[in-house]
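Observations on the three-dimensional arrangement
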Amino acid sequence: LPLWFDEGLASLFESAPNPNYATRLEEATGSGETIAFTDLCYTLPADDDQALLAYAQSASFISYIQSEYGNRALQQMITELADGADCATVTERALGLSLASLNQDWLEQEAPQSYLLRIWRNGRAWLAIIAAGFLLLGLLVGLPRGRSA
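The model shown is predicted, which means the values in this text are computed figures rather than measured ones.

So, on to the packing of helix α3 (residues 48-69) against helix α6 (residues 99-110). Following both chains from N to C, one finds α3 and α6 inclined at 95°, their axes separated by 10 Å at the closest point. Taken as axis vectors, α3 and α6 run roughly perpendicular relative to one another. Residues Gln57, Ser60, Phe61, Tyr64, Ile65, Glu68 and Tyr69 of α3 touch α6, and the partners they reach there are Leu99, Leu102, Asn103, Asp105, Trp106, Gln109 and Glu110. Residues of the contact of α3 with α6, tallied by class, amount to seven nonpolar, four polar and three charged.

Structure representation (structure tokens):
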């Protein structure tokens with residue numbers, strides 16, 4: 001199994017995730033120093049800090065796949081691995097995305113975001129509804145009124 005898949009899946013079932021993962025991942029994404037998942041296929045980095053980052057990324061990556069594509073995608077990845085897919089082809093066969101492309105999508109999701117950008121990404125529908133409400137209110141206020149005698 002690809003290391004990132006094995007470790008990420010294991011962390012999904014942990015009752016108490018490592019509290020250092022979030023901090024280390026935030027540091028790495030903020031500084032642009034994450035490890036490409038193609039480099040995490042079969043070995044961990046020798047450096048302890050980089051190994052911690054590898055575990056943190058793996059946990060986050062599998063969580064990202066689950067939240068974006070569902071448990072069915074993880075099941076499909078397991079099936080593809082059992083059928084002989086390797087690290088480079090498992091995501092392509094299961095999700096139709098290359099590992100590099102999926103890595104990029106995950107990075108965009110994990111990248112530090114400003115408060116306004118986070119609101120926009122998480123609440124786009126509500127912002128559109130509110131904007132439409134203000135537009136409608138503006139149109140109603142601007143309508144000419146009938147003259148009274």
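Time to look at the packing of α3 against helix α4 (residues 71-82). For the pair α3 and α4, the least separation of the axes is 6 Å and the interaxial angle reads 120°. In this view, α3 runs oblique relative to α4, as classed from their interaxial angle. Seen from α3, the contacting residues are Ile62, Ile65, Gln66 and Tyr69; seen from α4, they are Asn71, Ala73, Leu74 and Met77. Within the contact of α3 with α4, the residues separate by chemical class into six nonpolar, two polar and no charged.

Bringing α4 into the picture now. Across its 12 residues, α4 extends 17 Å between first and last C-alpha, which sits within 8% of the 16 Å expected from 1.5 Å per residue. All buried positions along α4 are accounted for by Ala73, Leu74, Met77, Glu80 and Leu81. Around the axis of α4, the buried residues are gathered within 120° of arc, so they sit on the same side. Summarising the geometry of α4, the exposed residues directed more than 90 degrees from the buried face are Arg72 and Ala82. Along its buried surface, α4 packs onto α1 (3-12), α3 and α5 (90-95).

The description of two aromatic rings rests on the distance between their centres and on the angle between their planes. A complete count under the given rule lists six aromatic pairs for this structure. On the basis of an interplanar angle of 90° and a centroid distance of 5.9 Å, the ring pair of Trp4 and Phe5 is categorised as edge-to-face. Classification of Trp4 as buried rests on a relative accessible area of 0%. An angle of 75° between the planes, with centres 6.1 Å apart, marks the rings of Trp4 and Phe37 as edge-to-face. With Trp4 in helix α1 and Phe37 in the loop between α2 (19-31) and α3, the pair connects residues that are 33 residues apart, well separated along the chain.

Cut-off values and rules
- Think of each chain on its own: its residues are numbered from 1, step by step along the sequence as written.
- Reporting in this predicted model follows two pLDDT cut-offs: at least 70 for local features of residues, and 80 or more for side-chain atom pairs to be given and counted; totals over whole chains, interfaces and linings ignore these cut-offs and use all residues.
- Side-chain metrics rest on all non-hydrogen atoms present in the structure, leaving aside hydrogens and water.
- Between the N-to-C directions of two axes lies an angle of 0 to 180 degrees, each axis being a line fitted to C-alpha atoms and, for a helix, fitted only over the stretch in contact.
- Numbering of helices and strands starts at the N terminus; helices are DSSP runs of H or I of at least 4 residues and strands are runs of E of at least 2.
- Roughly parallel here means an angle under 35 degrees, roughly antiparallel means over 145, roughly perpendicular means 65 to 115, and every remaining angle is called oblique.
- In what follows, residue pairs with any heavy atoms lying within 4.5 Å of each other are defined as contacts.
- The classification used treats Ala, Val, Leu, Ile, Met, Phe, Trp, Tyr, Cys and Pro as nonpolar, Asp, Glu, Lys and Arg as charged, and all other residues, Gly among them, as polar.
- Each residue after the first adds 1.5 Å to the expected span of a helix.
- For every residue, the accessible area obtained with a 1.4 Å probe (protein chains only) is divided by the maximum for its type, and the residue is called buried under 20%, exposed over 50%, and partly exposed between those limits.
- Think of it as the arc spanned by the lines of direction from the helix axis to the C-beta atoms.
- Any two rings among Phe, Tyr and Trp, with Trp reduced to its six-membered ring, count as a pair given centres within 6.5 Å; such a pair is stacked if its planes are under 30 degrees apart, edge-to-face if over 60, and tilted if neither.

Such coordinate-based values are descriptive only and should not be taken to indicate function.
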